[in-house]
Amino acid sequence: MRSSAVVSGVLSALLIALVAVGWSPLLSFDRAVAEELHRGAVAHPGLTRVNRVLSDWVWDPLTMRALAAGTVVLLWWRRERRLALWVAGTSVLALLLQQGLKALVGRERPQWPDPVDQAHYAAFPSGHAMTATVVCGLLLWVLALHWRDGWRGWAVLASAAVVSVLGVGWTRTYLGVHWPSDVVGGWLLGWFCVSVAVLAYRRGGRRGVRTVPGAGEGGGEDGGSRMDGER
């Protein structure tokens, strides 16, 4: 997980720099892909409507945040307070990072004479892609802590998470409201947030086990001693 955090962090920083300085090869690639997808969206209104439903309802950031909020409530009810606060805190910090970068980079969205969808705020990074990556990553992490071993539904939910993250990136580019690099930036930054959160949680758990007498025998308030020690 440490290497994943480093790689995603470095790639995120590099992409931010290239977008901020307007690196010509990246802009040309973004423009070529966006124009090709937009022509398809205009030519196939039925497929465009499907993409809008997926983007605006199924994978919308509000839907994803509702999933995260439901997870926090469930963990709190199970008295896993530390894990609940970690999921909530990571989600909020990721949102602040996303909005801060949008304001800092200030990238314009694609403009079309015949748009098929509309979006607000700056383009980079894609809020849909970043939110989906953060929420799906956190939910899979929570599931892995509890039920992955011997649980047959794990592969189904993991596949659904991957499809959601990749799918929402596709819809935002297909609908012409984001450049491809906006989506890639959202994916990288989202995974960076998840990786750092997991690493920090594990480190805090190990420190707690070392400093609290008998912590490894009965588990703590959040039932996390087993989870922290094994993962």
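Worth saying up front: this structure is predicted, and the values here are computed from it rather than measured. (Residues numbered from 1 in each chain as written. Predicted model: local features only at pLDDT ≥ 70, side-chain atom pairs only at ≥ 80, totals over all residues. Heavy atoms only, no water.)

Draft legend 1. How the structure looks around the nonpolar core. With 25 residues, the main nonpolar core has L83 and W141 as its most contacted residues. Counting residues per element, the ones that place at least two in this core are α1 (2–21), α4 (61–77), α5 (81–105), α6 (127–146) and α8 (180–211). Formed by 9 residues, the second largest nonpolar core is a distinct cluster that contains V135, A161, V165 and V168. (Core = buried A, V, L, I, M, F, W, Y, C linked by side-chain atoms within 4.5 Å. Buried < 20%, exposed > 50% of the residue type's maximum accessible area, 1.4 Å probe, protein only. Helix = DSSP H or I, 4+ residues; strand = E, 2+ residues; numbered from the N terminus.)

Draft legend 2. The environment of Y201, seen in detail. By the secondary structure assignment, Y201 is in helix α8. Residues Y201 and R82, 119 residues apart in the sequence, show an inter-C-alpha distance of 9.0 Å.

Draft legend 3. Examining α4 more closely. With 17 residues, α4 extends 24 Å from end C-alpha to end C-alpha; this agrees with the ideal 24 Å at 1.5 Å per step. Those residues of α4 that fall on the buried side of the exposure criterion are P61, M64, A68, T71, V72 and L75. When α4 is viewed along its axis, its buried side chains cluster within an angular range of 100 degrees and face the same direction. Exposed and oriented more than 90 degrees from the buried face of α4 are L62, V73 and W77. On its buried side, α4 packs onto α3 (45–58), α5, α6 and α7 (154–174). Residue D60 occupies the N-cap position of α4, its side-chain oxygen lying 2.9 Å from the main-chain nitrogen of L62. Phi turns positive, to about 65 degrees, at R79, one or two residues after α4. (Expected span 1.5 Å × (residues − 1). Arc of directions from axis to C-beta. Contact = heavy atoms within 4.5 Å. Polar contact = N/O pair within 3.5 Å; in protein donor to acceptor, adjacent residues only side chain to side chain.)

Draft legend 4. Highlighting the packing of aromatic side chains. For the structure shown, the criterion picks out 3 aromatic pairs. Taking the centre distance of 5.5 Å and the plane angle of 75 degrees together, the rings of W86 and Y201 count as edge-to-face. Taken together, the residues span a long stretch of sequence, with W86 in helix α5 and Y201 in helix α8 at a distance of 115 residues. Among the residues examined, Y201 registers a relative accessible area of 1% and is labelled buried. With a centroid separation of 5.1 Å and 85 degrees between ring planes, the pair formed by W141 and Y201 is classed as edge-to-face. (Phe/Tyr/Trp six-rings, centres within 6.5 Å; stacked < 30°, edge-to-face > 60°.)

Draft legend 5. Geometry of α3. For α3, with 14 residues, the first-to-last C-alpha span of 19 Å sits near the 20 Å given by 1.5 Å per residue. Within α3, the full set of buried residues consists of T48, N51 and S55. For α3, the angular spread of buried residues about the axis comes to 65 degrees, placing them on one side. Away from the buried face of α3 by more than 90 degrees, exposed residues R49 and W57 are located. Those residues of α3 that are buried lie in contact with α2 (24–43), α6 and α7.

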